[in-house]
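An overview of the molecular structure
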Amino acid sequence: MPAVKFIGALLILISYSNVMGYSSQMKNPVVMFILSLACAFLPIQLIVIIMGLVGFAHMYAVSLDISLLYVGIFILMYLLYLRFAPKYGWIIIIMPLLYMLKLHYAIPIVISIFVGPVGIVPMIFGIVFYYFALHVNDLTQLLATTAEEGSIQGFAYVLNEMLKDKAMLLTIIVFILVILATYIIYRQSFEYSWTIAIGTGAILGIVLFLVGGIILEVEVNILIIFFGTVGGALLAVIAQFFKGVLDYSRTEVVQFEDDDYYYYIKAVPKVRISEANVKVKKITGQKASKEKA
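Let me begin by describing the structure that accompanies this report. Keep in mind that this is a model prediction, so the values were computed, not measured.

Observations regarding the side chain of S67
- Relative to the elements of secondary structure, S67 occurs in helix α4 (residues 64-82).
- Among all residues touching S67, those that are not within four sequence positions of it are F56, M59 and Y60.

Looking at the pattern of salt bridges
- Taken as a whole and assessed by the stated rule, the structure comprises one salt bridge.
- A salt bridge links E161 to K164, with the shortest nitrogen-to-oxygen separation between them at 3.4 Å.

Some remarks on empty space enclosed by the protein
- The full count for this structure, using the stated rule, is two cavities of 30 Å³ or more.
- In this model, the largest cavity occupies a volume close to 170 Å³.
- What lines the largest cavity is a set of 18 residues, and nearest its centre among them are Y16, M20, Y70, P96 and F129.
- Broken down by secondary-structure element, the contributors of at least two residues to the lining of the largest cavity are α1 (2-19), α3 (44-60), α4, α5 (90-100) and α7 (120-144).
- Sort the elements by how many residues they give to the lining of the largest cavity and α3 lands first, with five residues.
- In the lining of the largest cavity, the residues fall into 15 nonpolar, three polar and no charged.
- Of the voids in this model, the second largest cavity is the one considered here, and its volume is about 50 Å³.
- Along its surface, the second largest cavity is lined by Y105, P108, I109, F175, V178, G201, G205, F209 and T229.

Structural notes on the side chain of S112
- In this fold, S112 is placed in helix α6 (residues 107-114).
- Those residues within four positions of S112 in sequence are excluded, and the remaining contacts are I179, T182 and Y183.

Section: the nonpolar core
- Counting residues in hydrophobic clusters, the biggest one holds 69 residues, and the most contacted among them are M51, M59, I127, F132, V158 and F175.
- Counting residues per element, this core draws most heavily on α7, at twelve residues.
- Filtering out sequence-adjacent residues up to four positions away, F132 remains in contact with M59, I66, L69, Y70, I73, V158 and M162.

As for the environment of L97
- Take L97: it is sitting in helix α5.
- Considering only alpha carbons, one finds L97 and S15, 82 residues apart in sequence, at a separation of 5.0 Å.

Brief notes about helix α9 (residues 166-186)
- Counted at 1.5 Å a residue, the expected span for α9 with its 21 residues is 30 Å, and the 30 Å between its end C-alpha atoms agrees.
- Where α9 is concerned, the buried positions are M168, L170, T171, I172, V174, F175, V178, I179, T182, I185 and Y186.

Describing the packing of α7 against helix α8 (residues 154-163)
- Running from amino to carboxyl end, α7 crosses α8 at an angle of 130 degrees, the nearest separation of the two axes being 9 Å. Overall, the two elements α7 and α8 adopt an arrangement that is oblique. α8 is crossed by α7, and the crossing has right-handed handedness. In this structure, α7 uses V128, F132, H135, V136, D138, L139 and L142 to contact α8, whose residues at the interface are G154, Y157, V158, E161 and M162.
- Its residues assigned to classes, the contact of α7 with α8 shows eight nonpolar, two polar and two charged.

Regarding a nonpolar patch on the surface
- On the surface, a cluster of nonpolar side chains totalling about 1,000 Å² of accessible area is made up of I203, V207, L210, V211, I215, I222, L223, F226, F227, V230 and L234.
- Elements that contribute at least two residues to the nonpolar patch include exactly α10 (193-216) and α11 (222-243).
- Sorting elements by how many residues they give to the nonpolar patch places α11 first, with six residues.

Digging into unusual backbone geometry
- For K102, which is not glycine, the phi torsion reads 60 degrees and is therefore positive.
- Among the structural elements, K102 can be located in the loop between α5 and α6.
- Here K102 falls in the partly exposed class, since its relative accessible area comes to 49%.
- Residues other than glycine seldom take positive phi values, yet E217 does so here, at roughly 60 degrees.
- If you trace the backbone, E217 turns up in the loop between α10 and α11.
- On the basis of relative accessible area, E217 is assigned to the exposed category, the value being 69%.

Some remarks on the packing of aromatic side chains
- Under the criterion given, the structure shown has twelve aromatic pairs.
- Measuring from ring centre to ring centre gives 5.5 Å for F6 and F33, while their planes differ by 80 degrees; the resulting arrangement is edge-to-face. Taken together, the residues F6 in helix α1 and F33 in helix α2 (residues 29-39) connect sequence positions 27 residues apart.
- Classification of F33 by relative accessible area gives partly exposed; the value is 43%.
- Note on Y105 and F175: the rings are 6.4 Å apart at their centroids and 85 degrees apart in plane angle, and the pair reads as edge-to-face. Here F175 lies in helix α9 and Y105 lies in the loop between α5 and α6, a separation of 70 residues in the sequence. Note on accessibility: Y105 and F175 belong to one class, buried.
- Put simply, the rings of Y70, F74, F129 and F132 touch in pairs and so form one group of aromatic residues.

Criteria and thresholds
- Residues numbered from 1 in each chain as written.
- Predicted model: local features only at pLDDT ≥ 70, side-chain atom pairs only at ≥ 80, totals over all residues.
- Heavy atoms only, no water.
- Helix = DSSP H or I, 4+ residues; strand = E, 2+ residues; numbered from the N terminus.
- Contact = heavy atoms within 4.5 Å.
- Salt bridge = Lys/Arg side-chain N within 4 Å of Asp/Glu carboxyl O.
- 1 Å grid on protein atoms, 1.4 Å probe; cavity = no way out; pocket = protein on both sides within 12 Å on 5 of 7 lines; lining within 4 Å.
- Points joined across faces, edges and corners; volume = space filled by probe spheres on them.
- Nonpolar A, V, L, I, M, F, W, Y, C, P; charged D, E, K, R; others polar.
- Core = buried A, V, L, I, M, F, W, Y, C linked by side-chain atoms within 4.5 Å.
- Buried < 20%, exposed > 50% of the residue type's maximum accessible area, 1.4 Å probe, protein only.
- Expected span 1.5 Å × (residues − 1).
- Axes fitted to C-alpha atoms, helices over the stretch in contact; angles between N-to-C directions.
- Parallel < 35°, antiparallel > 145°, perpendicular 65-115°, else oblique.
- Left-handed = near helix turned anticlockwise from the far one by under 90°.
- Patch = residues over 30% accessible without salt bridge, like charges linked within 9 Å, V, L, I, M, F, W, Y side chains within 5 Å.
- Areas by Shrake-Rupley, 256 points an atom, 1.4 Å probe, with all protein chains shown as cover.
- Phe/Tyr/Trp six-rings, centres within 6.5 Å; stacked < 30°, edge-to-face > 60°.

What follows is the structure in structure tokens.
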């Protein structure tokens, strides 16, 4: 786990530098290495706080009002979610990395299978933080080409752009619907429910992005959506395979009752590979010498 945390934290810090990258100190490879090494031995709750502080440092390098807006969103996120379910904070900090790798369309299917609806809130905050960073980047480019920097209020500009960002709204709505639909089907008791759930979630995500893009007049890249969604479905299938594949040919239904209820239990065993019963006979050198004698 420390090795996994170290690699994950390093990749996340690299994605932060790629998406934001305003603070030269936070972009320093030595600083990123030290922070990743520290995260390797910390719980996820503290890792989220460290990543939040890194994001604050990048925003503070832009302006004070932008950093205060960032802190306001982070505090809101903490009060609404992290204090109650901190173990899913990794969803928030991993979103910039997924966007950088063009794998963000995979997140709703994975969340629905392994986290459930409780992962919706951190997912929303992760998307909001990513689009926040995008609009801050637009602000810095606008300031670089504007002669009078005082004529643009960064706080108002970023907040206004986020409130009218239809792409962010479309992403949040589609991801929520995919998570709910996939989770509901996944929890059903009929045969191959998890396979059908993953396939349904993938198709639903692609269709909703296409329809939503037309309705909201948002430009969508169908190739990235398709391959990202299919990649998420394949990742969910592989993870589910290692989690356990069910053998529906040996399904058993048990019925019994007590004084108050009738009980109907459907038991589906997991596929297990029987181990070969191999006997190993150990021959020592002393025994071999006696046999020769």
